[in-house]
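The primary structure of each chain is shown beneath.
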Amino acid sequence: FPSHDNALELTPATDRPLEEYEQIHYYTDGSFKQQTEEEDSEPNESSWSMIILAQTKDQYYFAGYYNNTTNTNRQDTQWVGANTHHSHTAEAEAITWALIHAHTTICRNEHIPIINIHTDSKNNMNQIQMQYSTKSTLFDHTIAQSFFQIIQQITHITIQHIRGLS
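Residues numbered from 1 in each chain as written. Predicted model: local features only at pLDDT ≥ 70, side-chain atom pairs only at ≥ 80, totals over all residues. Heavy atoms only, no water.

Chemist: What is the right way to look at the sheet that holds strand E2 (residues 45-55) in this model?
Modeler: The strands that make up a sheet are held in pairs by hydrogen bonds between backbone atoms, and each pair lies either parallel or antiparallel. Reading across from one edge, E3-E2-E1-E4-E5 is the order of the five strands in this open sheet, with mixed pairing throughout. The open sheet has two edge strands, strand E3 (60-69) and strand E5 (157-161), and neither has a second partner. Between one strand axis and the next, the sheet turns by 20 degrees as a mean value, whatever way the strands run. Where strand E4 (residues 114-119) and E5 come together, five bridges link them in parallel fashion. Counted as the bridge partner of Ile115 is Ile157 from E5. Contacts between helix H1 (residues 87-106) and the sheet are confined to strand E1 (23-33), E2, E3, E4 and E5, with E1 contributing the most and set at about 155 degrees to the helix. (Pairing = 2+ DSSP bridges. Helix = DSSP H or I, 4+ residues; strand = E, 2+ residues; numbered from the N terminus. Axes fitted to C-alpha atoms, helices over the stretch in contact; angles between N-to-C directions. Contact = heavy atoms within 4.5 Å.)

Chemist: What is the right way to look at the pairing of E2 in this model?
Modeler: Across a regular strand the side chains alternate sides, sitting on one face of the sheet and then on the other. Two strands pair when backbone bridges link them, and E1 and E2 are joined in this way by eleven bridges, in the antiparallel orientation. Residue Asp29 lies in a different strand from E2, and its bridge partner there is Ser49. In this sheet, E3 lies alongside E2 in antiparallel orientation, the contact comprising nine bridges. Bridge pairing links Trp48 to Asn68 in E3. Taken together, E2 and the strand that follows it, E3, pair antiparallel across an intervening segment of four residues.

Everything listed is a geometric property; what it means functionally is a separate question.
Below is the structure:
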């Protein structure tokens, strides 16, 4: 998973492995800071984050989080599809890392939880589920689509739209 050079490490609220829960929820988001016209302005930058909640029948547990800047370097081993810094690419990268984490989680044990990914990006949600025929030039969804299809073969997975704050 992405390095956490600037991220606070949090201990899960429970010692139970994620595989022992009925459902795992990933809440994803992305952000974008556009360069201003000033000479000494920072270049465009986008970043993403996700929090993970594990669910039993009637209770939710905080299970961790990840965040990082959007990786646009195709040569980097942690590149997952972003071609430029943009709010769209940050959202897509967050969902992709959630899918990668979910795949890793369900491959650890015989008990396989239901996976739920929550995003406020309808466009990325539909691209990953291959409900759009047009391809994005900002983000290559191939890796995310592959993980989504693999997880679909193993367990029930949903990518659900949640209303954004803007």
